[in-house]
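Here are the chains, one letter per residue:
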Amino acid sequence: MEKQENKPNVASNFTKETDNAVQLSRRDAEEFRNFKRQKKLAEITNALTNSAVPIYGKDDVKRRLELALRYHQAAVKVLPTRLAAVKPLLLGRKIKMDCVLGGEGETLPKVKAYEGRMAKKLGAEEFTLILAPSQILEGKYGEIKREIRRVQWAVRPYKLKVWADKSYPFCVLARLARVVSELGVESFCVPYFSGCQRLRYDLLGKCKLEVSEVETLAEFQQMRGAGVERVVTSRISELYAEWLKEVENQLILSESVE
């Protein structure tokens, strides 16, 4: 009779080999972590390249442009009076100047059209039209359409975007989104508010949604996850740092679980 102790411990050896098969060397584990980190960084970079930065009022033009260039943002939103100062700093760059037309909105259509023509001569390639609040409140959609068509003609061959404040009831914004998108505008633009991403479902054709005044990482991620085409934020550097920290914390947590 064969002694028990002389029998090979098949189960023990199998377990040992299996364990060895699934274990990664320190070098392989580090390479895998770097792979996951680089993948996350690519996602962050892609999100930032579709964003824009506003340069209004007393904003430091050079500082804002430096950040826009560093994070490869798509555009800078500027007033007509800032175009001459911004243009030389963007020569040879891929970042576009998005000129905001119409001041507070209560400006004659011919004045807005004139601003558009002058902005085009100064190098603007994107144009955001501010609609008159009085016309929105009074539901003068016929006049709104005529104004949009007039400014569209002035900035051709470039596409026009249309901006409205978030102070109106959602039903008004939804109807306005449908009305302006019927005219083939590039984007319907609103400041951030809870639920603003739902306006995407009211846009017709190829019209996109642009959301400005995004100040937190949660808002930025929410807008990107909801399919908002462009996010406008003045806190791009802070959001990038917060996002990187979040990624590092997730990697550390996943390593501890493993």
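See the structure printed just above.
Everything quoted here is computed from the prediction, not taken from an experiment. (Residues numbered from 1 in each chain as written. Predicted model: local features only at pLDDT ≥ 70, side-chain atom pairs only at ≥ 80, totals over all residues. Heavy atoms only, no water.)

**Topic: the overall build of the protein chain**
Turning to step 1, where the next piece is worked out: A count of helices and strands for the protein chain gives 10 helices and 8 strands.
Turning to step 2, where the next piece is worked out: In the protein chain, 57% of the contacts between residues at least 6 apart in sequence involve partners at least 24 apart.
Turning to step 3, where the next piece is worked out: For the protein chain, the exposed area adds up to about 14900 Å²; of that, 53% sits on carbon and sulfur atoms. (Helix = DSSP H or I, 4+ residues; strand = E, 2+ residues; numbered from the N terminus. Contact = heavy atoms within 4.5 Å. Areas by Shrake-Rupley, 256 points an atom, 1.4 Å probe, with all protein chains shown as cover.)

**Topic: the packing of helix α7 (residues 141–155) against helix α8 (residues 170–181)**
In a packed pair of helices, the relevant descriptors are the angle between the two axes and the axis-to-axis distance.
Turning to step 1, where the next piece is worked out: Running from amino to carboxyl end, α7 crosses α8 at an angle of 45°, the nearest separation of the two axes being 11 Å. The pairing of α7 with α8 is recorded here as oblique in orientation. Regarding α7 and α8, the two cross each other, and that crossing is right-handed. Taken together, the residues of α8 that come into contact with α7 (itself represented by Y141, I144, K145 and I148) are V172, R175, L176, V179 and V180.
Turning to step 2, where the next piece is worked out: Split into classes, the residues belonging to the contact of α7 with α8 amount to 7 nonpolar, no polar and 2 charged. (Axes fitted to C-alpha atoms, helices over the stretch in contact; angles between N-to-C directions. Parallel < 35°, antiparallel > 145°, perpendicular 65-115°, else oblique. Left-handed = near helix turned anticlockwise from the far one by under 90°. Nonpolar A, V, L, I, M, F, W, Y, C, P; charged D, E, K, R; others polar.)

**Regarding the nonpolar core**
Turning to step 1, where the next piece is worked out: Ranked by size, the top nonpolar core spans 63 residues in total, and within it V76, L131, I148, L176, F188, V190 and V211 carry the most contacts.
Turning to step 2, where the next piece is worked out: At 6 residues, α8 tops the list of elements feeding residues into this core. (Core = buried A, V, L, I, M, F, W, Y, C linked by side-chain atoms within 4.5 Å. Buried < 20%, exposed > 50% of the residue type's maximum accessible area, 1.4 Å probe, protein only.)

**Structural notes on the sheet that holds strand β4 (residues 126–130)**
Turning to step 1, where the next piece is worked out: Spatially, β1-β2-β3-β4-β5-β6-β7-β8 is the arrangement adopted by the 8 strands of the closed barrel, whose pairing is parallel. Taken pair by pair, the neighbouring strands of this sheet meet at an average axis angle of 25°, ignoring direction.
Turning to step 2, where the next piece is worked out: The sheet contact formed by β4 and strand β5 (residues 160–163) spans 4 bridges and is parallel. Directly across from L129, in β5, lies its bridge partner V162. (Pairing = 2+ DSSP bridges.)

**Focus: a positive patch on the surface**
Turning to step 1, where the next piece is worked out: Together, K110, R117, K121 and R150 give the surface a local cluster of positive charge.
Turning to step 2, where the next piece is worked out: Here the positive patch gets 3 residues from one element, more than from any other, and that element is helix α5 (residues 109–121).
Turning to step 3, where the next piece is worked out: Note that K110 resides in helix α5. (Patch = residues over 30% accessible without salt bridge, like charges linked within 9 Å, V, L, I, M, F, W, Y side chains within 5 Å. Salt bridge = Lys/Arg side-chain N within 4 Å of Asp/Glu carboxyl O. Lys, Arg positive; Asp, Glu negative; His and termini not counted. Charge placed at Lys NZ, Arg CZ, Asp CG, Glu CD.)

**A look at the side chain of E219**
Turning to step 1, where the next piece is worked out: Structurally, E219 is set in helix α9 (residues 217–225).
Turning to step 2, where the next piece is worked out: It turns out E219 is buried and unbridged, and the closest side chain with the opposite charge, R235, is 7.6 Å from it.
Turning to step 3, where the next piece is worked out: Within polar-contact distance, the side chain of E219 engages the backbone nitrogen of E215 at 3.0 Å. (Polar contact = N/O pair within 3.5 Å; in protein donor to acceptor, adjacent residues only side chain to side chain.)

**Notes on the side chain of S51**
Turning to step 1, where the next piece is worked out: Considering the arrangement of structural elements, one finds S51 in strand β1 (residues 51–55).
Turning to step 2, where the next piece is worked out: Judged by its relative accessible area of 0%, S51 is buried.
Turning to step 3, where the next piece is worked out: A polar contact of 2.6 Å, which involves the side chain of S51, links it to the backbone oxygen of L48.
Turning to step 4, where the next piece is worked out: In contact with S51, not counting residues within four places along its chain, are Q73, A74, A75, F220, R230, V231 and I236.

**Some words on the pairing of strand β6 (residues 187–191)**
Turning to step 1, where the next piece is worked out: Burial analysis of β6 places 5 of its 5 residues in the buried class, the great majority of the element.
Turning to step 2, where the next piece is worked out: Here β6 shows two buried faces, one formed by S187, C189 and P191 and the other by F188 and V190.
Turning to step 3, where the next piece is worked out: Where β5 and β6 come together, 3 bridges link them in parallel fashion. In the strand pairing of β6, V162 is matched with F188.
Turning to step 4, where the next piece is worked out: Read from β5 through α8 to β6, the crossover connection turns out right-handed.
Turning to step 5, where the next piece is worked out: Two elements, β6 and strand β7 (residues 208–212), share 5 bridges in a ladder whose sense is parallel. Residue V190 lies in a different strand from β7, and its bridge partner there is V211. (Right-handed = clockwise from strand over helix to strand, strands pointing away.)

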